[in-house]
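# Results of the structural survey
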Amino acid sequence: MSGGRDRRRMQGRSRRGVLAALGTGLSGLAGCQTGAEDSTTTTTARPTTSTWSVDPLDHDRVVGAYYYTWYRPAYAGEAPWTTWVPDDEPVLGAYDSRDPAVINQHVAWALEHGINWFNISWARAGSWDDGRFIQDYFLPTALGSAIDFSVFHEGVEFDRREDGAVSFDDAENRRKLRRDFQYFEQAYFGEPNYLTIDDRPVVSYYAAHEFTGAVDTAIQAARAAIDADPYLIACVLGANTTTGVRTEVATPWIDAVDAVTGYSLYDGAVTADYATYRDWATRELERWALVADSVDAAYVPTLLPGLNDTQIPDRPDRYKHPVLPRDPAAFEGLGRAAVERADPDLDAVLVTSFNEWPEYTAVEPSTDFGTTYLQAIRDGVAAHDPATRFDPAAFPMVQLRFDRTVPGPENPIQLALMCDRLSVAGDAATYDVGDPDREPMFVEGAFPAKHTPDDPHVPYATWRWFGGPTARTTLFLAPTLADATTMTIQGTAPPFAETSIGVDVLVDGTVTDHVTVAPDPGTYEVALTA
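Residues numbered from 1 in each chain as written. Predicted model: local features only at pLDDT ≥ 70, side-chain atom pairs only at ≥ 80, totals over all residues. Heavy atoms only, no water.

Let us now look at unusual backbone geometry. Trans peptide bonds make up the majority, and among non-glycine residues the majority have a negative phi. Cis geometry marks the peptide bond from Thr352 to Ser353, where omega comes out at 15°. For Ser353, the location among the structural elements is in the loop between β13 (348–351) and α8 (372–382). Positioned with a positive phi, Asp199 is a non-glycine residue whose angle comes to about 65°. Take Asp199: it is sitting in the loop between β6 (196–197) and β7 (200–205). (Helix = DSSP H or I, 4+ residues; strand = E, 2+ residues; numbered from the N terminus.)

Laid out in structure tokens, this is it:
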């Protein structure tokens, strides 16, 4: 398995450099308390446009946060945008994103708590979300050039198919991608505090898992249209792809980007309390680290402090999510877990979000929590010095490569094996496939888990279909099994397949065995060494 490319650290003016950039000529934090803090610290006074000073937390980690610019004063007859926020609101009230005092306060809060990078939401040139926001409003403020920034492309102008995918076989989407690259270079890349990696300006794309078609060709053409060579980060929504099958390592966008991150690392099934979510999210952080390493991409872990979109007025109920309640202490623990699973060459973590209030993912100080979440980022992320780090290379990668798949009886999904159990090295480790607490890490070709203990037509209580569009299932075994020589597969080819399906077994890219699986329940022992 790949150990990852030779990636160097992110570059920019944050971290220690910002101390010299700010100097001592600015004074007064406009009524905001920024010294010693406790969990009840709040800010009650709206900031003024007086001079500013800030004492950035001194650390070497890159800690980013998604930053939103879409807040504006209410028009006549409109309710303020804070009515969308469930049972809480920012201490600054229903602010205007273009207010320089608000921008300065946001930057000051961020830097003092270890956030040194704003990944700024961008919709289109000329929109309220952009409208030269960065050039005309953000950068001219007293602190606007004190924090690194990059463009977070929302992708709203891409043409979408009926299934929601953005196809780059579409000439218009290729044109828009090229146009945006040209605009970013003209408007942003030359700014001294624009975030770079290896002198390459960073651009991230929202919901990149929806990209399909000739993604790599389109991106290469867009790169060729400018002088810079953007470092592209794919932001993926949630834990699963839109198809319901794990295909992250084979999707068209994965080879076209330099790094992978989540956006909202979220599953509605694990929202009973934040501690439960934290444990699930820690495992997802590990899975995505393995996904990224297996395709030689960098990985930037993401942190979600909570989620509640139930107050958004124009979002249909079917698109709203089960509420993920907040727990600052558990969030801080997840922050430490994220640092320990971050790509060591980048040492970067992203927070969703600094100020996305309608979905209530914001860590900006609020009337309910004050600066508690910023303190959790300071202590659990920026200042955390891990004794150990997650090492993807320690996990053996096993692939089952099927010689064919067959369509499902009720929908056109591609199926090859109904798998119930995997036993490695005799009984040294037995994975109960379909039980999320007793499974290996699946990153490709594994459909959602099934639990059918009372169905007489299904031979297994918990199981998954393997297969998918790549006719391949990729999983990772625990590091303790690195020296295992055999694995037993319990399962069946699809009963409607009529004939057997051949399976090549590969470990870290090397073929170690071949087996033929019949359309009847059976047990198959395969070698894990060539």
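Here helix α7 (residues 328–340) contains 13 residues, and its C-alpha end-to-end distance of 19 Å stays within 8% of the 18 Å for a straight helix at 1.5 Å per residue. Burial in α7 covers these residues: Pro328, Ala330, Phe331, Gly333, Leu334, Gly335, Ala337, Ala338 and Val339. Structurally, α7 contributes buried residues whose contacts are with α6 (274–294), β12 (302–303), β13 and α8. (Expected span 1.5 Å × (residues − 1). Buried < 20%, exposed > 50% of the residue type's maximum accessible area, 1.4 Å probe, protein only. Contact = heavy atoms within 4.5 Å.)

With that out of the way, let us pick up the nonpolar core. In terms of nonpolar packing, the biggest core is built from 125 residues, with Phe118, Phe138, Tyr188, Tyr205 and Tyr277 touching the most fellow members. At 10 residues, the largest contribution of residues to this core is made by α6. Excluding anything up to four places from it in sequence, Phe138 contacts Tyr67, Ile103, Val107, Phe118, Ile120, Phe133, Gly144 and Ile147. (Core = buried A, V, L, I, M, F, W, Y, C linked by side-chain atoms within 4.5 Å.)

Once that is clear, we can look at the pairing of strand β21 (residues 472–476). Taking burial as the measure, the 5 residues of β21 include 4 buried ones, the bulk of the element. Both strand β14 (residues 397–402) and β21 contribute to a ladder of 5 bridges, which runs antiparallel. Paired with Met397 across the strands is Phe476, a residue of β21. When strand β18 (residues 441–444) meets β21, the two strands line up antiparallel, connected through 3 bridges. Residue pairing across strands places Met441 opposite Phe476, the latter belonging to β21. (Pairing = 2+ DSSP bridges.)

Attention now goes to the environment of Asp273. Here Asp273 is to be found in the loop between β10 (259–262) and α6. The spacing of Asp273 and Pro325 is 52 residues in sequence and 6.0 Å in space, taken between C-alpha atoms.

Another point: the confidence of the model for the protein. The predicted model of the protein averages 85 in pLDDT, with 85% of residues at 70 or higher. Confidence over residues 1–9 falls short of pLDDT 50; this stretch has 32 contacts with residues more than four positions distant or in other chains. Note that residues 12–49 has pLDDT below 50 and, in this model, 85 contacts with residues that lie over four places away or in other chains. (pLDDT = per-residue confidence, 0-100.)

Turning our attention to the environment of Thr510. By secondary structure assignment, the location of Thr510 is in strand β24 (residues 510–517). The exposure class assigned to Thr510 is partly exposed, which follows from its relative accessible area of 40%. Spatially, the C-alpha atom of Thr510 lies 9.4 Å from that of Gln399, the residues being 111 residues apart in sequence. Apart from residues lying up to four places away in sequence, Thr510 is in contact with Val505 and Ala530.

In space, the 5 strands of this open sheet follow the order β18-β21-β14-β23-β24, with antiparallel pairing throughout. Each edge of the sheet is formed by a strand with only one pairing partner; in this case those strands are β18 and β24. Across the sheet, the mean angle separating the axes of adjacent strands is 25° when strand polarity is ignored. Direction of pairing for β14 relative to strand β23 (residues 501–507): antiparallel, over a ladder of 5 bridges. Across the sheet, residue Leu400 finds its bridge partner in β23, namely Val505. (Axes fitted to C-alpha atoms, helices over the stretch in contact; angles between N-to-C directions.)

Let us now look at the pairing of strand β4 (residues 148–153). The element β4 is extensively covered by neighbouring structure, given that 6 of its 6 residues are classed as buried. In this sheet, β4 lies alongside strand β3 (residues 117–122) in parallel orientation, the contact comprising 6 bridges. If you follow Trp117 over to β4, its bridge partner there is Asp148. Pairing of β4 with β7 involves 3 bridges; the strand directions are parallel. Paired with Val151 across the two strands is Val203, which belongs to β7.

The next thing to look at is the pattern of salt bridges. Under the criterion given, the structure shown has 28 salt bridges. With a closest N to O distance of 2.8 Å, Glu157 and Arg179 form a salt bridge. Here Glu157 is found in the loop between β4 and β5 (166–167), whereas its partner Arg179 is found in helix α4 (residues 171–187), with 22 residues between them in sequence. You can call Arg179 partly exposed: its relative accessible area is 28%. With its nearest N and O atoms 3.3 Å apart, the salt bridge here joins Arg287 to Glu284. On the criterion of helical spacing, the pair formed by Arg287 and Glu284 is a turn pair, its members being 3 residues apart in helix α6. Per residue, the accessibility class of Arg287 equals that of Glu284, and both read buried. Taken together, the salt bridges that share partners define one network made up of Arg200, Arg223, Asp229 and Asp258. (Salt bridge = Lys/Arg side-chain N within 4 Å of Asp/Glu carboxyl O.)

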